Amino acid sequence: MQWETVIGLEIHVQLATNSKIFSGASTAYGAEPNTQACAVDLGLPGVLPVLNKEAVRMAVMFGLAVDAKVAERSVFARKNYFYPDSPKGYQISQFELPIVEHGTLEIVLGDGERKTIGITRAHLEEDAGKSLHEEFSDSTGIDLNRCGTPLIEIVSEPDMRSAEEAVAYMKKIHSIVRYLGISDGNMQEGSFRCDANVSMRPKGQEEFGTRTETKNLNSFRFVERAIHYEIDRQIDVLENGREIVQETRLYDANKDETRSMRSKEEANDYRYFPDPDLLPVVIEPSFIEELRKQLPELPTEKITRFKQEYDLSDYDAENLVMNKETAKYFEEVVKNSNAKAKLAANWVLGDLSAVLNQDDIEINNCPVSAGMLAGLLDRIEDNTISSKIAKEIFQAMWSGEGDVDAIIEAKGLKQITDSSEIEALVEQVINDNPGQLEQYKSGKDKVFGFFVGQVMKLSKGKANPQQVNDLLKDKMK
Amino acid sequence: MPITPEEVLKIANLARLQIKQDEVEQYAIDLSSIINLVEQMNAVDTKDIQPMAHPLDATQRLREDKVTENNQRDKFQAVAPSAEKGLYLVPKVIE
């Protein structure tokens, strides 16, 4: 049978506030356990939560960025469940009246196809603490520092049909929250996490199949792999005539599989009710309009501008814009260089990205500044160096050996463009290889490459390749 | 809308309330009568009435995003049933 995959994502984004959503405790990452968990976070008797203005502002900004409806009146509710990392016995969240509803987001797929994904809602809520199961043999240790860290949970419509679409959507949301500056988006530290709802249905069927929810996917790769695993597992179950159980599953990155965590029956009964400790939140239309004016240039707008202003392809523009800092770096290179923007794009997305990935360095901490890369491109542009030598110089710049001109000077890498000098090299190679010359003259065109290679080698890669080509053609006629 | 003894047990479990087996029947009767009382409101036409989220006719005040709390871990952990290495300890939880 032909199956169709249906995917919806729930993304939890930690907001980059200084203090918690309902208390004045710090949200800084990595502090000693429980040193940032105050009486409100611990749920001690008699405490009262008071909502953080900045968390509200950030949620509204997100709503505006995805063309959603921002609720002028929204309500906090208690989501009741027992787990030791949630000391109150409930999580303060939003249920019936979330702060953001009905947004949309456009994703671009590998083949350039565009697709709009619906965003059902985004609501404000508090994060839970952390359980440490390994530390003690017969107890679980609880660190409540993360308790009360503001989150927005972004719930998509079940609009995605493949793992590729799900990852594209997740990357787009990640990009937007970083552009807005409302989250650091750090997945390793848990600032950006994803749950994936996956179900299958026979192709052409309107009705959805039973879904599973895979929890806590904290990298783009894990989302992709977990979804692939779920698709294969579910098809296998269905084709063997069995039924999918609606349940929560956990992805194990080491084994690359998902496994059942708990059945939905018990877990889903959260008995939401409006939190009597918190009054309805009213957001004035004037405040929303004020924030709308403050929206920065968002990825979609920037992609359009990059394509127009720098004459870049969809692919280059998408990839440069994905990360706000990469886009900024690229524009600085272009501004400081006479080289074509396309050359700058190739270098930023090619050699530079490769070493950044390899050494796991963020582009803001890149040892080769935008100005230095611009200098390198200028030397390619004015023919001082060839592209090949440029790669060598780039490595030297990366290792901290100075700027482009200093390295060219120190290593004697200046391109040879003096035609009499190249001519001498060409003649020497021709004279040294009479056999190959004979072959070439008898019609073996492929041998030409051998001659180019020999001349480049003799010049230690410094001869201008175009001139070498032209001179060889001329001399070997 | 009567509440069954099974529902009483389910709710008790969700709320982590321990109730005696011989009291389940009585809880079912009591809870049913409370629900019935509330049921009477279904007779009222509430079509154009905004649901009340809070009995006070006021809106939420917001606080500035400032860190105002300092570390009082030692005081909190002094009254906790069990704590070690800065962590609160609970019976082992296995997922």
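This is a predicted model, so every value here is computed, not measured.

Our focus in this paragraph is empty space enclosed by the protein. Taken as a whole and judged by the stated rule, the model has 2 cavities of 30 Å³ or more. Taken as a whole, the largest cavity holds about 60 Å³ of empty space. For the lining of the largest cavity, the per-class residue count stands at 5 nonpolar, 2 polar and 3 charged. The wall of the second largest cavity is formed by Ala 25, Thr 35, Gln 36, Ala 37 and Cys 38 of chain A together with Glu 69, Asn 70, Asn 71, Gln 72 and Phe 76 of chain B.

Here we take up the packing of aromatic side chains. All names here are of chain A. Applying the stated criterion to the full structure yields 12 aromatic pairs over all chains. Taking the centre distance of 5.9 Å and the plane angle of 35 degrees together, the rings of Tyr 440 and Phe 448 count as tilted. The class of Tyr 440 is buried, set by a relative accessible area of 18%. Pairwise contacts between aromatic rings join Tyr 81, Phe 95, Tyr 270 and Tyr 272 into one cluster. Here Lys 79 stacks its cationic end above the ring of Tyr 270, 4.4 Å away from the centre of that ring. A cation over a ring is seen here: Lys 88 above Tyr 90, with NZ or CZ 5.3 Å from the ring centre.

Okay, the pairing of strand 7 (residues 100-108) of chain A next. Looking down a regular strand, the side chains alternate between one sheet face and the other. Residues and elements named next belong to chain A. Taken together, the 2 bridges between strand 3 (residues 69-70) and strand 7 define a ladder with antiparallel strand orientation. Looking at strand 7, one finds that Lys 69 is bridged to Glu 101. For strand 7 and strand 8 (residues 114-126), the ladder comprises 8 bridges, and the chain directions are antiparallel. Each residue of the ladder has a partner; that of Leu 105, found in strand 8, is Ile 117. The antiparallel hairpin formed by strand 7 and strand 8 contains 5 residues in its connecting segment, where Gly 112 sits at a positive phi of about 85 degrees.

As a further point, take the pattern of salt bridges. Residue and element names in this part refer to chain A. For the structure shown, the criterion picks out 34 salt bridges over all chains. In this structure, the salt-bridge partner of Lys 302 is Glu 297, at a minimum N-O distance of 3.7 Å. Judged by its relative accessible area of 28%, Glu 297 is partly exposed. Residue Glu 297 is joined to Arg 305 by a salt bridge in which the shortest nitrogen-to-oxygen separation is 2.8 Å. When salt bridges that share partners are traced, they join Glu 297, Lys 302, Arg 305, Glu 309 and Glu 331 into one network.

Taken in spatial order, the 4 strands line up as 9(A)-10(A)-3(B)-2(B) in an open sheet, and their pairing is antiparallel. Either end of the sheet is taken by a strand with one partner, and the two such strands are strand 9 (130-132) of chain A together with strand 2 (83-84) of chain B. Pairing of strand 9 of chain A with strand 10 (residues 139-143) of chain A, which is carried by 3 bridges, proceeds in the antiparallel orientation. In the strand pairing of strand 10 of chain A, Leu 132 of chain A is matched with Gly 141 of chain A.

On to the domain arrangement of chain A, then. Each assigned domain of chain A is listed here: domain 1 (3-267 + 282-291), domain 2 (297-411) and domain 3 (419-475). Domain 1 of chain A and domain 3 of chain A are separated by 62 Å when their C-alpha centres are compared.

Once that is clear, we can look at the interface of chain A and chain B. Listed by partner, the interface residues are 56 residues for chain A and 37 residues for chain B. The junction of chain A with chain B conceals about 4000 Å² of combined surface from both sides, 58% of it contributed by carbon and sulfur atoms. Our count for the contact surface shared by chain A and chain B stands at 2 salt bridges. Close ionic contact of Asp 269 of chain A with Lys 10 of chain B constitutes a salt bridge, the shortest N to O distance being 3.0 Å. When contributions to the side of chain A that touches chain B are tallied by element, the ones reaching two or more residues are helix 1 (39-42), strand 2 (51-52), helix 2 (53-65), strand 10 and strand 17 (281-282) of chain A. Tallying contributions element by element places strand 10 of chain A first for the side of chain A that touches chain B, with 5 residues. A per-class count over the side of chain A that touches chain B returns 30 nonpolar, 14 polar and 12 charged. Note that strand 10 of chain A and strand 3 (residues 87-91) of chain B share 4 bridges and pair antiparallel. Residue pairing for strand 3 of chain B: Ser 139 of chain A is matched across the bridge by Pro 91 of chain B.

With that settled, consider a nonpolar patch on the surface. Taken together, the side chains of Tyr 27, Leu 31, Ile 34, Leu 37, Val 38 and Met 41 of chain B make up a nonpolar region of the molecular surface, amounting to roughly 570 Å² of accessible area. Within the secondary structure layout, Ile 34 of chain B lies in helix 2 (residues 24-39).

Residues and elements named next belong to chain A. Reading across the sheet, the 3 strands line up as 6-5-16 and stay open at both edges, with antiparallel pairing between neighbours. Because the sheet does not close on itself, it has two edges, and the strands there are strand 6 (90-93) and strand 16 (273-274). One ladder, built from 2 bridges, connects strand 5 (residues 77-80) with strand 16; its direction is antiparallel. Among the inter-strand pairings, Arg 78 is bridged to a residue of strand 16, identified as Phe 273.

Our focus in this paragraph is unusual backbone geometry. Residue and element names in this part refer to chain A. Even without being glycine, Asp 67 reaches a positive phi, approximately 50 degrees. Located in the positive-phi region is Asp 256, a residue other than glycine, with phi close to 50 degrees. Relative to the elements of secondary structure, Asp 256 occurs in the loop between strand 14 (247-252) and strand 15 (257-263). In this structure Asp 256 comes out as partly exposed when scored by relative accessible area, which is 31%.

Moving on to the side chain of Asp 65 of chain B. Structurally, Asp 65 of chain B is set in the loop between strand 1 (62-63) and helix 3 (73-78). No salt bridge is formed by the buried Asp 65 of chain B, whose closest oppositely charged neighbour, Arg 63 of chain B, lies at an N-O distance of 4.6 Å. Here the side chain of Asp 65 of chain B touches Asn 18 of chain A through a polar contact of 2.8 Å, landing on its backbone nitrogen. Polar side-chain contacts of Asp 65 of chain B include one of 2.6 Å to the side chain of Ser 19 of chain A. With residues near it in sequence (within four places) discarded, Asp 65 of chain B still touches Thr 17, Asn 18, Ser 19, Asn 52 and Glu 54 of chain A.

Definitions and limits used
- Residues numbered from 1 in each chain as written.
- Chains lettered and ligands numbered in written order.
- Predicted model: local features only at pLDDT ≥ 70, side-chain atom pairs only at ≥ 80, totals over all residues.
- Heavy atoms only, no water.
- 1 Å grid on protein atoms, 1.4 Å probe; cavity = no way out; pocket = protein on both sides within 12 Å on 5 of 7 lines; lining within 4 Å.
- Points joined across faces, edges and corners; volume = space filled by probe spheres on them.
- Nonpolar A, V, L, I, M, F, W, Y, C, P; charged D, E, K, R; others polar.
- Phe/Tyr/Trp six-rings, centres within 6.5 Å; stacked < 30°, edge-to-face > 60°.
- Buried < 20%, exposed > 50% of the residue type's maximum accessible area, 1.4 Å probe, protein only.
- Lys NZ or Arg CZ within 6 Å of the ring centre and 35° of its normal.
- Pairing = 2+ DSSP bridges.
- Helix = DSSP H or I, 4+ residues; strand = E, 2+ residues; numbered from the N terminus.
- Salt bridge = Lys/Arg side-chain N within 4 Å of Asp/Glu carboxyl O.
- Domains from an automatic or database assignment.
- Contact = heavy atoms within 4.5 Å.
- Buried area = accessible area lost by both parts, 1.4 Å probe.
- Patch = residues over 30% accessible without salt bridge, like charges linked within 9 Å, V, L, I, M, F, W, Y side chains within 5 Å.
- Areas by Shrake-Rupley, 256 points an atom, 1.4 Å probe, with all protein chains shown as cover.
- Lys, Arg positive; Asp, Glu negative; His and termini not counted.
- Polar contact = N/O pair within 3.5 Å; in protein donor to acceptor, adjacent residues only side chain to side chain.

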